[in-house]
Amino acid sequence: MTRMTAFLPARDLESILPEGLFAELEGQTLPCTDESGQTVRGALSLSGSRYLAGLEDTEPYCLFVPYNAPHPEQIAAFVAYSFMPEAQ
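The structure contained in this document is the topic of the report that follows. (Residues numbered from 1 in each chain as written. Predicted model: local features only at pLDDT ≥ 70, side-chain atom pairs only at ≥ 80, totals over all residues. Heavy atoms only, no water.)

If you trace the three strands from one edge of the open sheet to the other, you get 1-2-3, paired in antiparallel fashion. This sheet does not close on itself; its edge strands, each paired only once, are strand 1 (29–33) and strand 3 (62–64). If you compare each strand with its neighbour and ignore which way they point, the axes differ by 45 degrees on average. (Pairing = 2+ DSSP bridges. Helix = DSSP H or I, 4+ residues; strand = E, 2+ residues; numbered from the N terminus. Axes fitted to C-alpha atoms, helices over the stretch in contact; angles between N-to-C directions.)

Under the counting rule described, the total for this entry stands at one aromatic pair. Relative to phenylalanine 78, the ring of tyrosine 51 has its centre 6.2 Å away and its plane inclined at 15 degrees; by these criteria the two rings are stacked. Of the two residues, tyrosine 51 is situated in the loop between strand 2 (39–45) and strand 3 and phenylalanine 78 in helix 4 (residues 72–82); the sequence distance between them amounts to 27 residues. Using a relative accessible area of 41% as the deciding quantity, one classes tyrosine 51 as partly exposed. Judged by relative accessible area, phenylalanine 78 falls into the partly exposed class, the value being 35%. Over the ring of tyrosine 81 we find arginine 50, and its NZ or CZ is 4.0 Å from the ring centre. (Phe/Tyr/Trp six-rings, centres within 6.5 Å; stacked < 30°, edge-to-face > 60°. Buried < 20%, exposed > 50% of the residue type's maximum accessible area, 1.4 Å probe, protein only. Lys NZ or Arg CZ within 6 Å of the ring centre and 35° of its normal.)

What follows concerns a nonpolar patch on the surface. Together, Phe7, Leu8 and Tyr67 make up an exposed nonpolar region whose accessible area comes to about 330 Å². Residue position: phenylalanine 7 is located in the loop between helix 1 (2–5) and helix 2 (13–16). (Patch = residues over 30% accessible without salt bridge, like charges linked within 9 Å, V, L, I, M, F, W, Y side chains within 5 Å. Areas by Shrake-Rupley, 256 points an atom, 1.4 Å probe, with all protein chains shown as cover. Salt bridge = Lys/Arg side-chain N within 4 Å of Asp/Glu carboxyl O.)

Here we take up unusual backbone geometry. Of note in this structure, histidine 71 is not a glycine but carries a positive phi near 60 degrees. Here histidine 71 is to be found in the loop between strand 3 and helix 4.

Now for the environment of arginine 11. Take arginine 11: it is sitting in the loop between helix 1 and helix 2. Residue classification places arginine 11 among the partly exposed residues on the basis of a relative accessible area of 22%. Along the sequence, arginine 11 and threonine 33 sit 22 residues apart, while their C-alpha atoms lie 8.3 Å from each other. What arginine 11 contacts, discounting residues up to four positions off in sequence, is Ile16, Val40, Arg41, Gly42, Val65, Pro66, Tyr67, Ala69 and Pro72. A polar contact is formed between the side chain of arginine 11 and the backbone oxygen of alanine 69, at a distance of 3.0 Å. (Contact = heavy atoms within 4.5 Å. Polar contact = N/O pair within 3.5 Å; in protein donor to acceptor, adjacent residues only side chain to side chain.)

Just distances and angles here, no functional claims.
The following block contains the structure:
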């Protein structure tokens, strides 16, 4: 992840996800570098998402949020949906 963010800075997920959702997923976030060179939580492992949960032997997949990504509210909605239990 560090190699990629050297060329494309990340947006801090803590700044766009609702507080409770970020707290719930914080252990699945990955450190990246933002546009000012600071370390932020700018990527999220998708291993616990509805798309990959329960699968074995999968390659690691991450959602990376670039610092200039538009529509942060839609990113937050996608993350919430991705990690919402199937029954909801």
